[in-house]
Amino acid sequence: MVNTLFPSPVFLRSAAICLLMTVVFSCSKKDDPTAGGPLVGNWKLSALLIKEDNEPEEDILPLFALFGTCFSDMIFTFKSDGVFSTNNPPSCITEDTEIEGLNGTTKWEVSGSKLKFTDKDNEVTEFDYTVDSDTFSMSQTIMEPDPDNPSVNIKVITTYKFKKV
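Residues numbered from 1 in each chain as written. Predicted model: local features only at pLDDT ≥ 70, side-chain atom pairs only at ≥ 80, totals over all residues. Heavy atoms only, no water.

Concerning the nonpolar core
Stage number 1. L39, F78, L115, F117, F136, M138 and F162 are the most contacted members of the largest nonpolar core, which has 27 residues in total.
Stage number 2. Where this core is concerned, the elements lending two or more residues are β1 (41-52), α2 (61-65), α3 (70-73), β3 (76-78), β6 (114-118), β7 (124-131), β8 (135-146) and β9 (149-164).
Stage number 3. Look past the residues within four positions of F162 in its chain and what remains in contact with it is W43, K44, L45, S46, F76, D134, T135, F136 and M138. (Core = buried A, V, L, I, M, F, W, Y, C linked by side-chain atoms within 4.5 Å. Buried < 20%, exposed > 50% of the residue type's maximum accessible area, 1.4 Å probe, protein only. Helix = DSSP H or I, 4+ residues; strand = E, 2+ residues; numbered from the N terminus. Contact = heavy atoms within 4.5 Å.)

Here it is as structure tokens:
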């Protein structure tokens with residue numbers, strides 16, 4: 001019998017790594033860093049929301065907790081000089097995979113309502129974002145092939161929500 005309630009552990013692990021890679025390694029360069037904007041500081045992921053086309057939005061972060069505490073242990077740091085980094089908590093290291101923390105080669109910048117990251121290869125990833133004093137969220141919309149009908153694209157919105165620590 002196929003379990004249709006929960007995705008397979010392999011899928012969840014792959015999805016978690018892909019989503020984390022998107023956040024961590026797809027980053028943009030800041031030419032004029034913000035000296036003390038509201039994003040500066042340490043943040044923890046509090047929700048990971050996925051919305052596909054007309055389906056309801058779903059927080060998949062609790063599913064990742066079934067496989068360990070990596071995402072709840074990880075701290076994302078926005079420095080005032082425009083550098084973005086993460087810690088590399090022991091919970092993110094397994095015998096199969098190590099999710100490496102960033103070492104200061106990723107840059108961030110804000111332009112209007114856009115948060116941009118530039119990685120060490122100068123690849124830029126852009127998110128829509130909002131920030132309060134102790135919470136912020138960033139969202140990205142992509143079109144990807146429908147798994148049931150690859151000739152049709154579906155709209156996928158991924159939203160990362162963070163709390164200041």
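This is not the end of the story, as more comes after the structure.
Comments concerning the environment of F117
Stage number 1. With respect to the secondary-structure elements, F117 resides in strand β6.
Stage number 2. By relative accessible area, which is 0% here, F117 ends up buried.
Stage number 3. Taking the C-alpha atoms as reference points, F117 and G82, separated by 35 residues in sequence, lie 9.5 Å from one another.

Section: the side chain of T77
Stage number 1. Checked against the element boundaries, T77 lands in strand β3.
Stage number 2. Taking relative accessible area as the criterion, T77 reaches 17% and is therefore assigned buried.
Stage number 3. Side chain to side chain, T77 and N42 meet in a polar contact 2.6 Å long. (Polar contact = N/O pair within 3.5 Å; in protein donor to acceptor, adjacent residues only side chain to side chain.)

A look at the side chain of D146
Stage number 1. Residue position: D146 is located in strand β8.
Stage number 2. No salt bridge is formed by the buried D146. Its closest oppositely charged neighbour is K51, at 14 Å. (Lys, Arg positive; Asp, Glu negative; His and termini not counted. Salt bridge = Lys/Arg side-chain N within 4 Å of Asp/Glu carboxyl O.)

Points about the pairing of β6
Stage number 1. Of the pairings in the sheet, the one linking strand β5 (residues 106-111) to β6 comprises five bridges and is antiparallel in character. From the neighbouring strand, E109 faces β6, where its bridge partner is K116.
Stage number 2. As defined by bridge partners, β6 adjoins β7 across five bridges and the pair is classed as antiparallel. Residue pairing in the sheet places F117 in a bridge with T125 of β7.
Stage number 3. Remark: five residues form the turn of the hairpin made by β6 and β7, two consecutive strands paired antiparallel; N122 in that turn has positive phi of roughly 65 degrees. (Pairing = 2+ DSSP bridges.)

Structural notes on unusual backbone geometry
Stage number 1. In this structure, D53 is a non-glycine residue whose phi angle is positive, near 45 degrees.
Stage number 2. With respect to the helices and strands, the residue D53 is situated in the loop between β1 and β2 (58-59).
Stage number 3. By relative accessible area, which is 37% here, D53 ends up partly exposed.
Stage number 4. One non-glycine residue, N122, adopts positive backbone phi at about 65 degrees.
Stage number 5. Mapped onto the secondary structure, N122 falls in the loop between β6 and β7.

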